[in-house]
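Observations on the model geometry
Here is what each chain is made of, one letter per residue.
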Amino acid sequence: MAYITIRDVQLAFGGPALLDGANFNLERGERVCLIGRNGEGKSTLLKLIEGSLLPDSGEVSLQNGVTISMLAQDVPMDSGRVADIVADGAGEAAQVLRDYHAASESCVLGDMDACDRMGHLQHQMDQLDGWALETKVNSILSKMGLDPEADLADLSGGRKRRVLLARALLTQPDVLLLDEPTNHLDVESIEWLEKFLLDQNNLTLLFISHDRSFVDSIATRIVELDRGTLRSYDGNYSRYLELKEQQMEAEEKQNALFDKRLAEEEVWIRQGIKARRTRNEGRVRALKELREQSKARRSQQGKVAMATQEANRSGKVVFEIENLSVQFGDNTPIIKDFSALVLRGDRIGLVGDNGVGKTTLIKAILGELEHTGVVKTGTQLEVAYFDQLRNALDLEKSVKDNVSEGSDHVDVNGSRRHIYSYLQDFLFSPERARTPVKALSGGERNRILLAKLLLKPSNLIVMDEPTNDLDMVTLELLEEMLGGYKGTLLLISHDRAFMDNVVTSTWVFDGKGNIDEYIGGYQDYLEQRPDQTAVGLKSEAKKAAAKAEAATAAPKKVKLSYKDQRALEQLPAEMEALEKEQADINAQLADGSLFVSNADQAMKLSNRLTEIDEQLLEKLERWEELENLTK
């Protein structure tokens, strides 16, 4: 029997049903990720399973003896001793243990009433097996690297998540429910959580997450909540995408056939008197049923339509940063002696633990924070700053008034559009657009911020954690929009897949004030970082040896023409010469001084770098083509 079974569950809160005859089973040992658009009812489903909500109809049943713990989405801001907060996961036993320790301390000080209470509390502890609780708490805290005496209020978001996870796991539940466990966690904490969950061999998981890398690593099955129905897809997120595409194609074909049949029957019923004389009542009833089915059919929610409003091009150099340092009081500098050159079109990701100075660096570069060192700002720069808009949202005002600031129209790339039409691009119906922001989910609020941000013409977009609470479809559309943006991007994000798909270089903060630059996204950084160099060299040597062995063993299938053979022999030298020229130019432009002393020459060299990139790509593709012909 499955650990959890959901049969024909119906649940609605006034609007379309969040669960519309939903069915679902969770088997022992599965790690199931629940995905779906913002507002579809994912968190509601977890509450039904946990028991804090009841369905309108249908059944939610658990196998006899199965225990469940839930890690909620919100991180508490409360203070309190970490060991006590974790012990609270044991319920009554935790309170009795605290009361016993308090009575013991008072008894030692001569309080005879407290000594009398100890006997009663000791009996309760025996009944609740409370003596083992302290050992369990210390054991799990040690396993998670947490200080039992620390105050929860003093911990980072990632550490607070660990405390809550320790409390949820204290009673060794059969099933753990996780609601967006990676939200607001830095990359190191997310990777720790991945490893920890994978190491729990007997733990069954049902979790909600929009972090595609996390889902790919953890999930053994994907369950999608789509228009009130639960659909299951075996495998991880990458496999889900393949299966989902096939399913959507089949659904579109089925809907098209249905619509064609309905249209034909509607034409028939409206024919002249002569034709209607021949009609039969069965066909009329069938048409009525088709109409009802059409009304009941829930179309798939549309996709967000995103487009940037680009300003005039900025200068070639966007920021020239020299020895920038930021220090608060007498403490160790948060950032020390950071130098970099940001050129037009760069898409830079900022990576590091929470609190290492990523947002501080952005504010220093933009002139919002005092610093030492020099930041030279390029010409014609127009900035759209995502983080600034969060503070600008008025929770009491409607979506419409927050985005248009009271106007009924907005300007979009030179065209005047009604605000309701524009907001529909971001999946806000006119009714939803009139809703106060305070009543919306986190994902919907982030869509408001995007709608507001993209109204501002810009050639530099700065985004501080834009992906929190966004569903996967919207994330992918945001990636696509940023990928086609012709301006410059500075991006802070802990979403590894998002970084890999968007940025061209990465600034990595080590937490000691130092920042290193790596070419490419997060995975590229992992391969380039110093502690991976030796591993990488060994790996490349193995690949080269395997390639040489394969080349020796495999007979040539195609004999190249003289011209192609000559090209194959000459291409490596030609690519090497281009790479040498590329390195020389990069050395000349590295410190940015040439843009000041001889701007024309610097521009020519920059243009030449672009040409070299294109030539290298062409030669590499030709070389691979010729190599493959000889295999």
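For the structure itself, consult the block above.
For the structure given in this document, a descriptive report is provided here. Predicted model, so just to flag it, every value in this text is computed and none were measured.

To continue, consider empty space enclosed by the protein. Enumeration according to the criterion identifies 2 cavities of 30 Å³ or more in this entry. Taken as a whole, the largest cavity encloses approximately 170 Å³ of empty space. Lining the largest cavity are 16 residues, and of these Thr182, Asn183, Asp211, Thr467 and Asn468 sit closest to its centre. By volume, the second largest cavity amounts to about 70 Å³. Leu71, Gly158, Arg161, Arg162, Leu165, Pro181, Leu185, Ser189, Trp192 and Leu193 are the residues that line the second largest cavity.

Below, the discussion takes up the sheet that holds strand E12 (residues 347-351). With respect to topology, 6 strands assemble into an open sheet ordered E14-E17-E18-E12-E19-E20, the strand pairing being mixed. Strands with a single pairing partner mark the edges of an open sheet, and in this sheet they are strand E14 (383-385) and strand E20 (515-519). Between one strand and the next, the sheet's axes are offset by a mean angle of 15°, whatever the strand orientation. Strand direction decides the pairing type here: E12 and strand E18 (residues 488-492), joined by 4 bridges, are parallel. Paired with Arg347 across the strands is Leu489, a residue of E18. Sitting on the sheet, helix H18 (residues 472-483) is in contact with E12, strand E17 (460-464) and E18, with an inclination near 150° to E17.

Time to look at unusual backbone geometry. Even without glycine at this site, Asp8 takes up a positive phi of about 50°. Locating Asp8 in the fold gives a position in strand E1 (residues 4-11). In this model, Glu405 sits at a positive phi of 55°, which is unusual for a non-glycine residue. With respect to the helices, strands and loops of the structure, Glu405 is situated in the loop between helix H14 (399-404) and strand E15 (409-412). A relative accessible area of 66% means that Glu405 is categorised as exposed.

Cut-off values and rules
- Residues numbered from 1 in each chain as written.
- Predicted model: local features only at pLDDT ≥ 70, side-chain atom pairs only at ≥ 80, totals over all residues.
- Heavy atoms only, no water.
- 1 Å grid on protein atoms, 1.4 Å probe; cavity = no way out; pocket = protein on both sides within 12 Å on 5 of 7 lines; lining within 4 Å.
- Points joined across faces, edges and corners; volume = space filled by probe spheres on them.
- Pairing = 2+ DSSP bridges.
- Helix = DSSP H or I, 4+ residues; strand = E, 2+ residues; numbered from the N terminus.
- Axes fitted to C-alpha atoms, helices over the stretch in contact; angles between N-to-C directions.
- Contact = heavy atoms within 4.5 Å.
- Buried < 20%, exposed > 50% of the residue type's maximum accessible area, 1.4 Å probe, protein only.

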